[in-house]
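# Results of the structural survey
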Amino acid sequence: MRVRRFRPGDEVDVRRICVATGDAGEHARNILNEPELMAHVFASPYLALQPELCFVAELAGQPLGYVVAARDSVGFFRDWRRHWSPRFARSHPAPSRRESLLRAGDADVQLRSLLHRPCSMLLPDTETYPSHLHVNVLAGARGRGVGAALLRVLFEALAEAGSPGVQLGVRATNASAHAFYRAMGMTRLSLDDGPAIRFARPLGR
């Protein structure tokens with residue numbers, strides 16, 4: 001198994017893995033009428049806007065998982081709004097206030113909103129942890145060190161890029177993910193409102 005930098009030809013595989021693992025490790029079709037929305041939000045914008053911080057794990061040429069990240073989350077979401085959101089103005093328009101109220105809890109509507117309002121995903125403590133990441137590993141490859149290898153490579157790349165720290169959000173109910181992030185030297189931060197909690201790690205020290 002090896003971890004290498006993302007190449008443009010990897011986008012189909014990265015999007016496929018994102019969709020296949022989008023529901024806390026399970027397929028996004030469990031929660032979305034349009035599963036591809038998961039990749040529109042949590043994979044492709046990173047491949048387009050920050051490809052140097054995207055890495056793929058593979059074995060014998062077969063992709064097992066990937067990690068994507070943003071060095072400066074504030075600037076990244078600003079660039080997203082400027083360069084990524086307009087691509088979906090017609091195909092996936094931002095939900096109106098009325099639609100958001102009528103379909104509260106609808107995951108498709110929530111992701112459409114994130115496409116056009118990415119700054120709503122900005123996590124607190126950006127001065128200490130300005131970077132953020134998303135890591136996904138196929139079910140059949142878990143428990144084999146794939147996720148750990150991806151994060152080690154990313155942590156090094158972020159440190160070299162001058163980031164003092166990285167964080168991520170994870171479902172409060174995903175106990176296995178919590179254990180994994182702790183094993184990778186990440187610390188759980190203060191509990192936020194809602195279904196997600198945060199883990200973070202200082203870098204370059």
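Here we summarise the structure given alongside this text.

Let's shift gears to the overall build of the chain. In terms of helices and strands, the chain carries eight helices and seven strands. For 205 residues, the compact-globule estimate of 2.2 N^0.38 gives 17 Å, and the chain sits close to it at 16 Å. Looking at the chain as a whole, 49% of its 205 residues are labelled buried. The long-range fraction of contacts in the chain, counting pairs at least 24 apart against all pairs at least 6 apart in sequence, stands at 69%. In the chain, which carries 27 positive and 20 negative side-chain charges, the distance between the mean positions of the two groups comes to 0 Å.

By the definition in use, this model includes 11 salt bridges. Across the pair Asp-13 and Arg-16 runs a salt bridge, and its minimum N-O distance is 3.6 Å. Residue Asp-13 and its partner Arg-16 are both found in helix α1 (residues 11–20); the two are separated by three residues, about one turn of the helix. For Glu-99, the salt bridge goes to Arg-112, with nearest N and O atoms at 2.9 Å. Note that Glu-99 is positioned in helix α5 (residues 97–102) and Arg-112 in helix α6 (residues 107–116), a separation of 13 residues in sequence. Assessed through its relative accessible area of 14%, Arg-112 is described here as buried.

On to the pairing of strand β4 (residues 131–137). Of all seven residues in β4, seven are buried; the element is thus mostly enclosed. Burial along β4 is two-sided: the face carrying Ser-131, Leu-133, Val-135 and Val-137 and the face carrying His-132, His-134 and Asn-136 are both buried. Here six bridges tie strand β3 (residues 62–70) to β4, and the two strands are oriented antiparallel to one another. Across the sheet, the residue bridging to Ala-69 is Leu-133, located in β4. As defined by bridge partners, β4 adjoins strand β5 (residues 165–171) across two bridges and the pair is classed as parallel. When the sheet's bridge partners are listed, His-132 is paired in β5 with Gln-167. In this fold, the crossover linking β4 to β5 by way of helix α7 (residues 146–160) has right-handed handedness.

Here the focus is the nonpolar core. If you look at the biggest cluster of nonpolar residues, it comprises 30 residues, and the most contacted ones within it are Val-14, Val-41, Tyr-46, Tyr-66, Trp-80 and Leu-111. For this core, the elements supplying multiple residues, two or more each, are α1, α2 (36–42), α3 (44–49), β3, α4 (73–84) and α6. Apart from the residues within four sequence positions on either side, Leu-111 is in contact with Leu-32, Leu-37, Met-38, Val-41 and Phe-42.

Strands sit in the order β1-β2-β3-β4-β5-β7-β6 across an open sheet of seven strands; the sheet is mixed. Single-partner strands in this sheet number two, and they are β1 (2–5) and β6 (187–188). Here α4 sits on the sheet and contacts β3 and β4; the angle it forms with β4, its principal contact strand, is near 75 degrees.

Another aspect to go through is α7. Since the α-helix advances by 3.6 residues per turn, residues separated by three or four positions end up pointing in the same direction. An ideal rise of 1.5 Å per residue puts 21 Å on 15 residues; α7 measures up with 22 Å between its terminal C-alpha atoms. Every buried residue of α7 is accounted for by Val-146, Gly-147, Ala-148, Ala-149, Leu-150, Leu-151, Leu-154, Phe-155, Ala-157 and Leu-158. The positive-phi residue at the C-terminal boundary of α7 is Gly-162, with phi of around 90 degrees.

Okay, α6 next. Of all 10 residues in α6, nine are buried; the element is thus mostly enclosed. What α6 keeps buried is the set Ala-107, Asp-108, Val-109, Leu-111, Arg-112, Ser-113, Leu-114, Leu-115 and His-116. Looking at the buried positions of α6, the neighbouring elements they touch are α2, α4 and α5.

Time to look at the pairing of strand β2 (residues 55–59). Taking burial as the measure, the five residues of β2 include four buried ones, the bulk of the element. Bridge count between β1 and β2: four bridges; the pairing is antiparallel. Opposite Arg-5, over in β2, you have Phe-55 as the bridge partner. Relative to β3, β2 is paired through five bridges, and the arrangement is antiparallel. Opposite Ala-57, over in β3, you have Gly-65 as the bridge partner. Connecting β2 to the antiparallel partner β3 that follows it, the hairpin turn spans two residues, and Ala-60 within it adopts a positive phi of roughly 50 degrees.

Scoring rules and cut-offs
Residues numbered from 1 in each chain as written. Predicted model: local features only at pLDDT ≥ 70, side-chain atom pairs only at ≥ 80, totals over all residues. Heavy atoms only, no water. Helix = DSSP H or I, 4+ residues; strand = E, 2+ residues; numbered from the N terminus. Rg over C-alpha atoms; globule rule 2.2 N^0.38 Å. Buried < 20%, exposed > 50% of the residue type's maximum accessible area, 1.4 Å probe, protein only. Contact = heavy atoms within 4.5 Å. Lys, Arg positive; Asp, Glu negative; His and termini not counted. Charge placed at Lys NZ, Arg CZ, Asp CG, Glu CD. Salt bridge = Lys/Arg side-chain N within 4 Å of Asp/Glu carboxyl O. Pairing = 2+ DSSP bridges. Right-handed = clockwise from strand over helix to strand, strands pointing away. Core = buried A, V, L, I, M, F, W, Y, C linked by side-chain atoms within 4.5 Å. Axes fitted to C-alpha atoms, helices over the stretch in contact; angles between N-to-C directions. Expected span 1.5 Å × (residues − 1).

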